[in-house]
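# Coordinates in review
Chain by chain, the residues:
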Amino acid sequence: MAVYTEVSDAALSEFLSAYDIGSLLSFKGIAEGVENSNFFLHTTQGSYILTLYEKRVRAGDLPFFIGLMEHLSARGLACPQPVRDRAGTALGQLCGRPAAIVSFLEGVSVKTPGVGHCRELGRALAELHAAGADFGMMRANSLSVESWRPLFAQAEAQADSVEPGLAERTRADLALLEASWPKNLPGGVIHADLFTDNVFFIGDALSGLIDFYFACTDAFAYDLAVCLNAWCFEADGRFHRDMAAALIAGYEAVRPLEPAEVAALPILCRGAALRFMLTRLVDWLNVPPGALVKPKDPREFDRRLTFHRQARDARDYGRQA
């Protein structure tokens, strides 16, 4: 989450007048994340999150995201519930941006997850995949392998100013991944961005998943690879094999991986790391002036790629043969 677009009191009051969520008591911007403008709303009827959609979120994709959250919530997955206005509409316009209000989930994100958190996450990820099985809409992954070279083109000239040798390493990774990216793996709805700040816990129990604005239709094992990158590494590139093993075991307790998925795990992990390195690199080099946003360091994923380049099979990620 982040704030790129400032919202005036008058504009917010006019927007909220279409909803039956009580009178506004307070609102404030949320600085975490890098994609949309987000605000915490507190009204006489409860707490909510207001999102203004920016940057990589296309207006045509918003019905997919809204519909998916409603679908998953109806199937018992703990995720934000879109709030519809009195006309029954979940999407509006605020300050020239598409905007929506969703329910607030209780819980806190865990900054330094442990083995137990990873096991809980793996189980929740598999439950998400199962809950989305009968969702009727589809959305291609706009940040899959076909998009990585165009992304790199936006940053290639400056890449070595961020980290020496980054451009050459990235060119080599792109060539390998484009030539060997797996196809026809089991798939369906995936979250595609399930980092620690998008998962809430109350105590040791997982209480909810948020931020579905990269959700798409893609390989389930790629979603698992994203989580392995997001949860099982230190910033310096050190890999926690025990946490990865717990994450995979939690997932397979609900949905066992097929042999093709197991074989593809190293290349999927490498690709997921490159995807986040590239989007972070572009953001790092292009922070809008005055934006309330904390760009994330692409070098963290450059260091994770060092591990992925030497991984040979799923056992390197803690999965038992």
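Everything here concerns the structure above.
Everything numeric here is computed off the predicted structure, so don't read it as measured data.

## Re the overall build of the protein chain
Across its full length, the protein chain holds 10 helices and 10 strands. For the protein chain, the C-alpha atoms occupy an extent of roughly 55 × 45 × 35 Å along the three principal directions. Expressed as a percentage of the 321 residues in the protein chain, the buried residues total 55%. Of the contacts made within the protein chain by residues no fewer than 6 positions apart, 73% connect residues no fewer than 24 positions apart. Here the protein chain has roughly 13500 Å² of accessible surface; of this, 52% comes from carbon and sulfur atoms.

## Looking at the pairing of strand 2 (residues 37–43)
Extensive coverage of strand 2 is indicated by the burial of 5 of its 7 residues. As defined by bridge partners, strand 1 (residues 24–29) adjoins strand 2 across 5 bridges and the pair is classed as antiparallel. In the strand pairing of strand 2, Ser 26 is matched with His 42. In terms of strand pairing, strand 2 meets strand 3 (residues 46–52) through 7 bridges, oriented antiparallel. Within strand 3, the position partnered with His 42 by the bridge is Ser 47.

## Some remarks on the nonpolar core
Ranked by size, the top nonpolar core spans 92 residues in total, and within it Phe 212 and Trp 231 carry the most contacts. Ranked by the residues each element gives to this core, the list is headed by helix 9 (residues 259–285), at 14 residues. If near-sequence neighbours (up to four positions away) are discounted, Phe 212 is found in contact with Phe 65, Leu 68, Met 69, Leu 72, Leu 77, Cys 79, Pro 80, Leu 128 and His 191. Among the nonpolar cores identified, the runner-up in size contains 15 residues, and Tyr 19, Tyr 48, Leu 52 and Leu 94 belong to it.

## Quick notes on the packing of aromatic side chains
Considering all chains together, one arrives at 18 aromatic pairs under this definition. Both rings, one in Tyr 53 and one in Tyr 213, keep their centres 4.9 Å apart while their planes meet at 75°; by these two values the pair is edge-to-face. Taken together, the residues span a long stretch of sequence, with Tyr 53 in the loop between strand 3 and helix 2 (62–74) and Tyr 213 in the loop between strand 9 (205–209) and strand 10 (216–219) at a distance of 160 residues. Comparing Tyr 53 with Tyr 213, the two get one shared label, buried. Joined through ring pairs, the aromatic side chains of Tyr 53, Phe 64, Phe 65, Phe 135 and Tyr 213 make up one cluster.

## A short note on the packing of helix 4 (residues 145–153) against helix 9
Packing of helix 4 against helix 9 brings their axes to within 9 Å, and their N-to-C directions diverge by 30°. Taken together, the axes of helix 4 and helix 9 lie roughly parallel to each other. Relative to helix 9, helix 4 is oriented so that their crossing is left-handed. Residues Trp 148, Leu 151 and Phe 152 of helix 4 form the contact with helix 9, whose participating residues are Gly 271, Leu 274, Arg 275, Leu 278, Thr 279 and Val 282. In terms of residue class, the contact of helix 4 with helix 9 is made up of 6 nonpolar, 2 polar and 1 charged.

## Quick look at the pattern of salt bridges
Per the stated rule, a full pass over the model turns up 19 salt bridges. A salt bridge links Arg 270 to Asp 173; the shortest N-O distance between them is 2.7 Å. Of this pair, Arg 270 sits in helix 9 while Asp 173 sits in helix 6 (residues 166–180), and the two are 97 residues apart along the sequence. The pair formed by Arg 270 and Asp 173 is uniform in burial state, with each residue classed as buried.

Criteria and thresholds
- Residues numbered from 1 in each chain as written.
- Predicted model: local features only at pLDDT ≥ 70, side-chain atom pairs only at ≥ 80, totals over all residues.
- Heavy atoms only, no water.
- Helix = DSSP H or I, 4+ residues; strand = E, 2+ residues; numbered from the N terminus.
- Buried < 20%, exposed > 50% of the residue type's maximum accessible area, 1.4 Å probe, protein only.
- Contact = heavy atoms within 4.5 Å.
- Areas by Shrake-Rupley, 256 points an atom, 1.4 Å probe, with all protein chains shown as cover.
- Pairing = 2+ DSSP bridges.
- Core = buried A, V, L, I, M, F, W, Y, C linked by side-chain atoms within 4.5 Å.
- Phe/Tyr/Trp six-rings, centres within 6.5 Å; stacked < 30°, edge-to-face > 60°.
- Axes fitted to C-alpha atoms, helices over the stretch in contact; angles between N-to-C directions.
- Parallel < 35°, antiparallel > 145°, perpendicular 65-115°, else oblique.
- Left-handed = near helix turned anticlockwise from the far one by under 90°.
- Nonpolar A, V, L, I, M, F, W, Y, C, P; charged D, E, K, R; others polar.
- Salt bridge = Lys/Arg side-chain N within 4 Å of Asp/Glu carboxyl O.

Fair warning: the whole summary comes from geometry, so function is off the table for now.
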